[in-house]
Amino acid sequence: MLLSAKSVAAALALYSTCASAGLIPKLLPGFVSTNGQKFQLNGRPYYFAGTNAYWFQFISDINDVSLAMDKAKAAGLEVVRTWGFNEVNVTTIPGGLPQYGGEGAGPSTIYFQSWDNGVPTINYGDNGLKRFDKVVKLAEKKGIKLVVALTNNWADYGGMDVYTVNLGGRYHDDFYTNPKIKAAFKKYVKAVVTRYALSPAIFSWQLGNEPRCGADGTRNLPRSANCTAAVVTAWVDEMSKYIKTLDPLHLVSSGVEGFFNRPGEADWAYNGADGVDFDAITKLPHVDYGTFHCYPDWWSKTVDWTTQFIKDHAASQKKIGKPVVMEEYGWLLEEDREAWLGVTSNVTRVEALTKWQNAALEGRLAGDQYWQFGLSGLSFGKSTDDGFTIFLEDAEAKTLVYDHVKKVNKQNQGWFWPF
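Going by the annotation in an unreviewed UniProt entry, the name recorded for the chain is mannan endo-1,4-beta-mannosidase, with Tulasnella calospora MUT 4182 given as the source organism. Listed in UniProt under the heading Catalytic activity (unreviewed entry), the comment for the chain reads: "Random hydrolysis of (1->4)-beta-D-mannosidic linkages in mannans, galactomannans and glucomannans." Listed under Sequence similarities (unreviewed entry) in UniProt, the entry text for the chain is "Belongs to the glycosyl hydrolase 5 (cellulase A) family."

**Brief notes about the overall build of the chain**
Along the backbone of the chain there are 13 helices and 16 strands. Taken against the 2.2 N^0.38 rule, which gives 22 Å for 419 residues, the C-alpha radius of gyration of the chain at 20 Å falls within 12% of a compact globule. By its C-alpha atoms, the chain is 55 × 55 × 50 Å across when sized along the principal axes. Here the chain holds 419 residues, and the buried ones make up 58% of them. Put simply, of all contacts in the chain between residues at least 6 apart along the chain, 76% involve residues at least 24 apart. For the chain, the exposed surface amounts to about 16800 Å²; the carbon and sulfur share of it is 54%.

**Examining the state of the cysteines**
Disulfide: a covalent bond formed between the sulfur atoms of two cysteine residues. Evaluation of the coordinates by the stated rule reveals 1 disulfide. Between the sulfur atoms of Cys-213 and its disulfide partner Cys-227 the distance amounts to 2.1 Å. As the torsion about the S-S bond is roughly -80 degrees, the Cys-213-Cys-227 disulfide counts as left-handed. Taken together, the residues Cys-213 in the loop between β10 (202–206) and α7 (229–246) and Cys-227 in the loop between β10 and α7 connect sequence positions 14 residues apart. What makes Cys-213 buried here is its relative accessible area of 0%. Classification of Cys-227 by relative accessible area gives buried; the value is 5%.

**Some details on helix α2 (residues 62–74)**
In this model, α2 (13 residues) spans 19 Å end to end at C-alpha, consistent with the 18 Å of a helix rising 1.5 Å per residue. Of the positions making up α2, those classed as buried are Asp-64, Val-65, Ser-66, Ala-68, Met-69 and Ala-72. Buried residues belonging to α2 abut α3 (129–142) and β15 (373–374). The backbone nitrogen of Asn-63 lies 2.9 Å from a side-chain oxygen of the residue at the head of α2, namely Asp-61. Just beyond α2, the residue with positive phi is Gly-76, at close to 90 degrees.

**Focus: the nonpolar core**
Counting residues in hydrophobic clusters, the biggest one holds 107 residues, and the most contacted among them are Trp-55, Phe-56, Leu-150, Trp-205, Phe-309, Ile-310 and Phe-373. Excluding residues that lie within four positions of it along the chain, Trp-205 makes contacts with Val-148, Leu-150, Val-192, Val-193, Tyr-196, Ile-243, Asp-247, His-250, Leu-251, Val-252 and Ser-253. One finds Val-32, Tyr-46, Val-325 and Ala-366 within the second-largest nonpolar core, a separate group that totals 12 residues.

**A short note on the pattern of salt bridges**
Counted under the stated rule, the structure contains 19 salt bridges. Across the salt bridge formed by Lys-244 and Asp-288, the nearest N and O atoms sit 2.8 Å from each other. A residue pair is termed long-range when its members are at least 10 positions apart, and Lys-244 in helix α7 and Asp-288 in the loop between α8 (278–283) and β12 (290–294) qualify at 44 residues. For the pair formed by Lys-244 and Asp-288, the shared burial category is buried. The salt bridge involving Arg-337 is made with Glu-334; its shortest N-O contact spans 2.8 Å. With Arg-337 and Glu-334 both in helix α11 (residues 334–341), this residue pair falls 3 residues apart, about one helical turn. A residue is classified by how much of its surface remains accessible, and Glu-334, at 26% relative accessible area, is partly exposed. Linked by salt bridges that have partners in common, Arg-81, Glu-327 and Glu-328 make up one network.

**Some remarks on the pairing of strand β8 (residues 119–122)**
As a general feature of sheets, a regular strand has side chains that alternate between the two faces. In this structure, strand β7 (residues 113–116) lies alongside β8, joined through 4 bridges in antiparallel fashion. Bridging from a neighbouring strand, Ser-114 pairs with Thr-121 of β8. Where β7 folds back onto β8 in an antiparallel hairpin, the turn is made up of 2 residues, including Asn-117, whose phi is positive at roughly 50 degrees.

**Details of a nonpolar patch on the surface**
The grouping of Trp-298, Trp-340, Leu-341 and Val-343 at the surface amounts to a nonpolar patch, some 390 Å² of accessible area in total. Counting through the fold element by element, Val-343 comes out in the loop between α11 and α12 (349–362). Looking at Val-343, the relative accessible area reads 41%, which means it is partly exposed.

**With respect to the pairing of strand β4 (residues 48–52)**
Taken across its 5 residues, β4 has 5 buried, putting it largely inside the fold. Neither face of β4 is open: one carries Phe-48, Gly-50 and Asn-52, the other Ala-49 and Thr-51, and all of them are buried. The pairing of β4 with strand β14 (residues 367–370) spans 4 bridges and is parallel. Note on β14: the bridge partner recorded for Thr-51 is Tyr-370.

**Focus on the sheet that holds β4**
Strands sit in the order β11-β10-β9-β5-β4-β14-β13-β12 across an open sheet of 8 strands; the sheet is parallel. The outermost strands of the open sheet, each flanked by one partner alone, are β11 (251–253) and β12. Within the sheet, the average angular offset between the axes of one strand and its neighbour, ignoring direction, is 25 degrees. Of the pairings in the sheet, the one linking strand β13 (residues 324–329) to β14 comprises 2 bridges and is parallel in character. The residue bridging Met-326 from the neighbouring strand is Asp-368, located in β14. Contacts between α3 and the sheet are confined to β5 (79–83) and β9 (145–149), with β9 contributing the most and set at about 150 degrees to the helix. Sheet contacts for helix α10 (residues 303–320): β12 and β13; angle to β12, the most-contacted strand, approximately 175 degrees.

Thresholds, definitions, all that
- Residues numbered from 1 in each chain as written.
- Predicted model: local features only at pLDDT ≥ 70, side-chain atom pairs only at ≥ 80, totals over all residues.
- Heavy atoms only, no water.
- UniProt positions renumbered as here; feature names shortened; annotations may be inferred.
- Helix = DSSP H or I, 4+ residues; strand = E, 2+ residues; numbered from the N terminus.
- Rg over C-alpha atoms; globule rule 2.2 N^0.38 Å.
- Buried < 20%, exposed > 50% of the residue type's maximum accessible area, 1.4 Å probe, protein only.
- Contact = heavy atoms within 4.5 Å.
- Areas by Shrake-Rupley, 256 points an atom, 1.4 Å probe, with all protein chains shown as cover.
- Disulfide = S-S within 2.5 Å.
- Expected span 1.5 Å × (residues − 1).
- Polar contact = N/O pair within 3.5 Å; in protein donor to acceptor, adjacent residues only side chain to side chain.
- Core = buried A, V, L, I, M, F, W, Y, C linked by side-chain atoms within 4.5 Å.
- Salt bridge = Lys/Arg side-chain N within 4 Å of Asp/Glu carboxyl O.
- Pairing = 2+ DSSP bridges.
- Patch = residues over 30% accessible without salt bridge, like charges linked within 9 Å, V, L, I, M, F, W, Y side chains within 5 Å.
- Axes fitted to C-alpha atoms, helices over the stretch in contact; angles between N-to-C directions.

Set out below in structure tokens:
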């Protein structure tokens with residue numbers, strides 16, 4: 001049975017008081033925490049190889065979600081990143097922004113918040129948060145930890161621009177600065193975070209999927225001339241602090257792609273061009289760990305460039321002293337690369353991802369999560385395939401999933417940390 005927000009708040013306040021007084025352990029069994037550059041769970045280091053399955057709550061049959069979690073757990077994939085948002089407008093204007101719909105997981109009647117002429121309504125019904133309740137309960141039952149993203153930089157499933165358009169904003173980055181928009185986002189965040197604040201299934205609350213100054217030039221609002229890395233960093237600081245006031249038990253992460261902001265760098269991924277400063281964001285007091293993503297296909301980069309990008313984040317992990325997770329990484333299959341980008345590569349996915357996974361292991365990154373999880377045998381057949389999907393039944397999964405999980409788990413052996 002779910003507790004009311006008031007009851008959850010009272011329980012958390014009592015816990016914080018008792019933990020501060022030394023009457024109970026500060027680390028609760030089943031809840032992931034950090035210790036320096038590592039995660040820990042139940043007093044032991046918790047390095048992990050995980051995955052992304054944003055679609056868990058958008059498929060109609062909850063039994064499919066149950067099967068997917070069983071398969072993930074059997075493969076050793078205990079940490080799964082998923083979406084805790086879906087914004088819809090009650091009425092839409094043809095050609096209006098953001099242009100959501102047509103997402104990879106297919107049409108869905110499940111949504112978490114609707115908007116009608118600037119007024120948001122959180123959906124607590126069976127096709128809303130009650131559905132997410134079932135996903136969280138399954139994760140609790142099956143020993144899966146969920147990284148829950150709370151909005152999207154991109155148009156898929158509505159995201160930031162639905163707030164901005166409804167509340168009078170003109171630019172994509174108004175989401176980070178407009179007080180009315182920030183208040184509306186906080187209201188939604190409070191509804192979700194307090195609902196699951198006592199669940200050990202939550203690995204972390206994530207502010208958003210890939211927040212940056214701009215987004216898609218066609219499907220999203222334009223970027224203003226005033227957005228800088230400082231703007232996004234300030235928003236992450238404000239929102240991470242707010243979530244910690246609601247839920248001190250769970251970790252908080254930003255969800256950024258991990259671009260650097262280093263003076264004098266020519267490379268856009270290192271000079272703050274997209275409004276992301278990985279080091280500054282990771283250092284924030286209420287951000288528990290750093291995140292970065294790797295998509296050289298979309299970024300017009302090479303496999304070797306990406307390997308160095310990983311090494312640079314491992315170096316930042318050591319310098320900052322917090323865990324860092326490579327939480328999305330993917331390499332297109334050759335036929336998809338040629339069809340979508342008009343280019344070819346003689347590097348296979350197994351070759352590319354193995355090189356990146358080895359770099360993550362050598363750098364002692366705290367965790368990694370490939371994009372994205374795929375399996376067959378669902379009620380409708382195969383899960384969504386965006387060209388990056390690794391299906392557990394395919395031959396490449398032996399190296400990239402099963403063998404990699406074993407290598408990562410070896411880092412957890414032979415350690416014990418007291419509470």
